[in-house]
Amino acid sequence: MSEPLVQARGLTKKFGDFLAVDAVDFDIAKGEAFGFLGPNGAGKTSTMKMITTVSPITEGKLTVFGLDPTVEGRQIRQRLGVVPQEDNLDMELTVAENLYIYGRYHDMPRADIRRRITELLEFAQLSDRSESPVEPLSGGMKRRLTIARALISDPDLVILDEPTTGLDPQARHLLWDRLYRLKREGATLIITTHYMDEAEQLCDRLVVMDKGKIVAEGSPRQLIAQYAPREVVELRYPEEQMEGIGERLGWLEGGIEVLADRVIVYTDDAEATQHELTIRDIQPEQVLVRRSSLEDVFLKLTGRSLVD
Amino acid sequence: MSVSLPTRLTPPGRMTPFRAHRIWERNYLVYRRVWKVILTGFFEPVFYLFSIGIGIGELVPEVPGPGGVPIDYTAFVAPALMAASAMNGTVLETTFNIFFRLKFEKTYDGILTTPMSSRDIAIGEIGWALVRGALYSTAFFVVMVAMGLTVSWWSVLTIPGAVLIGFAFGSVGLAATTFMRSWQDFDLVSLVTMPLFLFSTTFYPLDVYPPAIQPLIRLSPLYHGNEMLRAFSLGIFDWTLAGHIAFLLVMGLIGAFVASRRLDGLLRK
Ligand SMILES: Nc1ncnc2c1ncn2[C@@H]1O[C@H](COP(=O)(O)OP(=O)(O)OP(=O)(O)O)[C@@H](O)[C@H]1O
Ligand SMILES: [Mg+2]
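What you see is a predicted model, and the numbers here were worked out from it, not measured in a lab.

Novice: What is the right way to look at the pairing of strand β7 (residues 188–193) of chain A in this model?
Specialist: A regular strand places its side chains on the two faces of the sheet in alternate fashion. Residues and elements named next belong to chain A. Most of β7 sits inside the fold, with six of its six residues counted as buried. By the alternation rule, side chains of β7 split into T188, I190 and T192 and L189, I191 and T193, which are all buried. Pairing of strand β3 (residues 33–37) with β7 involves five bridges; the strand directions are parallel. Bridge assignment links F34 to a residue of β7, and that residue is I190. The handedness of the strand β6 (residues 157–161) to β7 crossover, carried by helix α6 (residues 169–184), is right-handed.

Here you go:
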């Protein structure tokens, strides 16, 4: 493997005494789509901000394009496209001007920018709003504009912090298509997300973060194979039976996860499990059997549901 | 596989080290839509000049100017009004407008993910305020010429002089903005600029003050601005002029340095 595009060793971020990112290691290869998964407060955004060089590193080592963010931030940022978690569009400018000025910040010639604006507005489905101020756009439109803005300079590395939050399904799929295309053209993607389907669809490899640490790493398939048994049985009980349900189901071998509204049972044989439940007379109101997913990996590793 | 690689639009070699002018490009896009607002910045000092110069100038025909030479009151007050407008214009720009972008719209957070740096932002915003200030000053100067208030060719120097005043106040204004936490803190801005305007030899010369108070007045940056523009406007130079220029220059440089450092700390956490 050639030298990684992004490499972190013992990368640490502290806010005062608080450890937001706790000595993480990762390598992101050129041309790869790399995911960061984790519950709220895991340290994903803090990690992204160190990679984009806007947040100083507290400890450890980080290189981006083989460059040191502390001294060569400008050179790194020249080749980045950044979609921050919170939209920070320029509210004093119009839709098209937002794209235009970001091209200028990247020293692009005006004619090149104009050509790209037309194309990116189409992608963001904002062609008819190009002269509009940003303020009256809907949340999803603002998000799409932020994504288009990140692509104006044709970046080598695109960093997307929860890019599809607030997008409707159609816009999400459009973005996925676009990201595939970017990847095919040789760009590297770093994505944080709460959506499992997004991670499964887009990411070649991903890490799961929790409380500032990386708790697992691999391709979506590997992670599912390693951390979750083959099948998942979701049991729903009437509310009055939910109390103490954990103990009553304690004998189940694959492990269970008690959520607010349901119990998740991991097993290699769903049918056998259901049979056992019948014998012991703790039949649920509703049963759902499905193949295990990244969501379950997540639940097992962090003890938390991703969808909040 | 024959995938056509995208053409790099910006080869790394094209990176310019100076980027502050990108902020001017941005602000130009913003202000070309609100040019009417900009016009008000021109009319304010002109109205002052008409009102005070014509009105009070009738009652007070002559005052001692730089070097004790008696001059027409309107000609005495005009450069000071120019100085005050340079102060007010840049302070307004680097406090209210910047605070809005910094704390509410998070404009700069986005800009910092591009090759721009916080120093580019600081220099760019101060510079923009100066460009705006230079336009006002030029317009005001034209009015002064039309009213026959300029006796010497040296008076053209009032324009760069006003820009220097703008630099001093704009830099310190931006530095102050980085310490502000809420809009309430901005009451302090006029609490500072208002007395400066009233007590910095804007309307009468320094020796009107009791000798005990005079050193205090000399601490006012606007006093140095007023005296500098007066000297330019009347073409009367002596060694004190160098002191005025140095005072404003040092003030501006310190302000710009603090502003740039503080901005960086605020934006890059
Ligand atoms: N500027 C800051 N000052 C102090 N603490 C911070 C700051 N930024 C983040 N933190 C803390 O660091 C931790 C990690 O935050 P971060 O934003 O990286 O999480 P995240 O994984 O992106 O979460 P989410 O999924 O909610 O976006 C949190 O506990 C947060 O409160
Ligand atoms: Mg986050």
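Novice: Explanation requested: the pattern of salt bridges in the structure shown.
Specialist: If charged atoms from side chains of opposite charge come close, those side chains can pair. A complete count under the given rule lists 37 salt bridges over all chains for this structure. The salt bridge involving R290 of chain A is made with E234 of chain A; its shortest N-O contact spans 2.8 Å. Of this pair, R290 of chain A sits in strand β13 (residues 286–291) while E234 of chain A is found in strand β10 (residues 231–236), placing the two residues 56 residues apart along the sequence. Since its relative accessible area comes to 9%, E234 of chain A is described here as buried. For R236 of chain A, the salt bridge is made with D261 of chain A, and the minimal N-O distance between the two is 3.3 Å. Placement of R236 of chain A in strand β10 and of D261 of chain A in the loop between β11 (256–258) and β12 (263–267) is noted, with a sequence separation of 25 residues between them. On the basis of relative accessibility, which here comes to 30%, the residue R236 of chain A falls in the partly exposed class. The class of D261 of chain A is partly exposed, set by a relative accessible area of 37%. Overlapping salt bridges, with partners in common, bring together R104, D107 and R110 of chain A together with R19, R22 and E25 of chain B in one network.

Novice: Help me understand the sheet that holds strand β2 (residues 18–28) of chain A in this model?
Specialist: Within a sheet, neighbouring strands are paired by backbone hydrogen bonds and run either parallel or antiparallel to one another. Residues and elements named next belong to chain A. Strand order across the open sheet formed by three strands is β2-β1-β4, with antiparallel pairing between neighbours. Either end of the sheet is taken by a strand with one partner, and the two such strands are β2 and β4 (59–64). The average undirected angle you get between the axes of adjacent strands in this sheet is 25°. As paired strands, strand β1 (residues 6–15) and β2 are joined by seven bridges and run antiparallel to one another. What sits directly across from L11, in β2, is V24.

Novice: I keep staring at unusual backbone geometry and nothing clicks. Help me out?
Specialist: All names here are of chain A. Despite not being glycine, F65 has its phi angle at roughly 55°, a positive value. Along the chain, F65 falls in the loop between β4 and α2 (73–78). We note that D154 has phi near 50°; this positive angle belongs to a residue other than glycine. Assignment of secondary structure puts D154 in the loop between α5 (139–151) and β6.

Novice: What is the right way to look at the packing of aromatic side chains in this model?
Specialist: The description of an aromatic ring pair uses the distance of the two centres, along with the angle that the planes make with each other. Across all of its chains, the model carries 20 aromatic pairs over all chains by this definition. An angle of 15° between the planes, with centres 6.3 Å apart, marks the rings of F96 of chain B and W183 of chain B as stacked. Of the two residues, F96 of chain B is situated in helix α3 (residues 73–104) and W183 of chain B in the loop between α6 (158–177) and α7 (187–199); the sequence distance between them amounts to 87 residues. Here F96 of chain B falls in the partly exposed class, since its relative accessible area comes to 33%. Within the aromatic cluster, the residues linked to one another by ring pairs are F96, F99, F104, W183 and F186 of chain B. Over the aromatic face of F65 of chain A sits the side chain of R79 of chain A, whose NZ or CZ is 3.9 Å from the ring centroid. Over the face of the ring belonging to Y195 of chain A we find R172 of chain A, whose NZ or CZ atom lies 4.3 Å from the ring centre.

Novice: Help me out: how do you make sense of the coordination of the magnesium ion (ligand 2) in this one?
Specialist: In an ideal octahedron of six donors the angles at the metal are 90 or 180 degrees, and in an ideal tetrahedron of four donors they are 109.5 degrees. All names here are of chain A. Looking at the metal site, the magnesium ion (ligand 2) is ligated by T45 (OG1) and Q85 (OE1), spaced 1.9 to 2.1 Å from it. With T45 in helix α1 (residues 44–51) and Q85 in the loop between β5 (80–83) and α3 (95–105), this residue pair connects regions lying 40 residues apart in the sequence. Judged by relative accessible area, T45 falls into the partly exposed class, the value being 22%.

Novice: Quick question: what am I supposed to make of the interface of chain A and chain B here?
Specialist: Size of an interface: often given as the accessible area lost when the parts come together. Across the contact, 38 residues belong to chain A and 37 residues belong to chain B. Of the roughly 3500 Å² buried where chain A meets chain B, counting both sides, 50% is carbon and sulfur surface. The largest contributions to the chain A side of the interface with chain B come from R74, E92 and Y105 of chain A, which together make up 22% of the buried area. Our enumeration of links across chain A and chain B arrives at ten salt bridges. For the side of chain A that touches chain B, the secondary-structure elements that each account for two or more residues are β1, α2, α3 and α4 (110–123) of chain A. No other element matches α3 of chain A, which puts six residues into the side of chain A that touches chain B. Partitioned by chemical class, the residues of the side of chain A that touches chain B number 15 nonpolar, seven polar and 16 charged.

Novice: Explain the domain arrangement of chain A to me, please; I cannot follow it from the model alone.
Specialist: All names here are of chain A. When its domains are assigned, chain A resolves into domain 1 (6–225) and domain 2 (228–302). Across the domain 1 to domain 2 interface the summed buried area is about 960 Å²; carbon plus sulfur atoms make up 77%. Counting across the domain 1 and domain 2 interface gives zero residue pairs in polar contact (both at pLDDT 80 or more). Listed by contribution, the elements that provide at least two residues to the side of domain 1 that touches domain 2 are α7 (196–202), β8 (205–210), β9 (213–218) and α8 (220–227). Residues belonging to the side of domain 1 that touches domain 2 are distributed by class as follows: 13 nonpolar, one polar and two charged.

What counts as what
- Residues numbered from 1 in each chain as written.
- Chains lettered and ligands numbered in written order.
- Predicted model: local features only at pLDDT ≥ 70, side-chain atom pairs only at ≥ 80, totals over all residues.
- Heavy atoms only, no water.
- Buried < 20%, exposed > 50% of the residue type's maximum accessible area, 1.4 Å probe, protein only.
- Helix = DSSP H or I, 4+ residues; strand = E, 2+ residues; numbered from the N terminus.
- Pairing = 2+ DSSP bridges.
- Right-handed = clockwise from strand over helix to strand, strands pointing away.
- Salt bridge = Lys/Arg side-chain N within 4 Å of Asp/Glu carboxyl O.
- Axes fitted to C-alpha atoms, helices over the stretch in contact; angles between N-to-C directions.
- Phe/Tyr/Trp six-rings, centres within 6.5 Å; stacked < 30°, edge-to-face > 60°.
- Lys NZ or Arg CZ within 6 Å of the ring centre and 35° of its normal.
- Donors = N, O, S within 2.8 Å, 3.2 Å for Na, K, Ca; no water.
- Contact = heavy atoms within 4.5 Å.
- Buried area = accessible area lost by both parts, 1.4 Å probe.
- Nonpolar A, V, L, I, M, F, W, Y, C, P; charged D, E, K, R; others polar.
- Domains from an automatic or database assignment.
- Polar contact = N/O pair within 3.5 Å; in protein donor to acceptor, adjacent residues only side chain to side chain.

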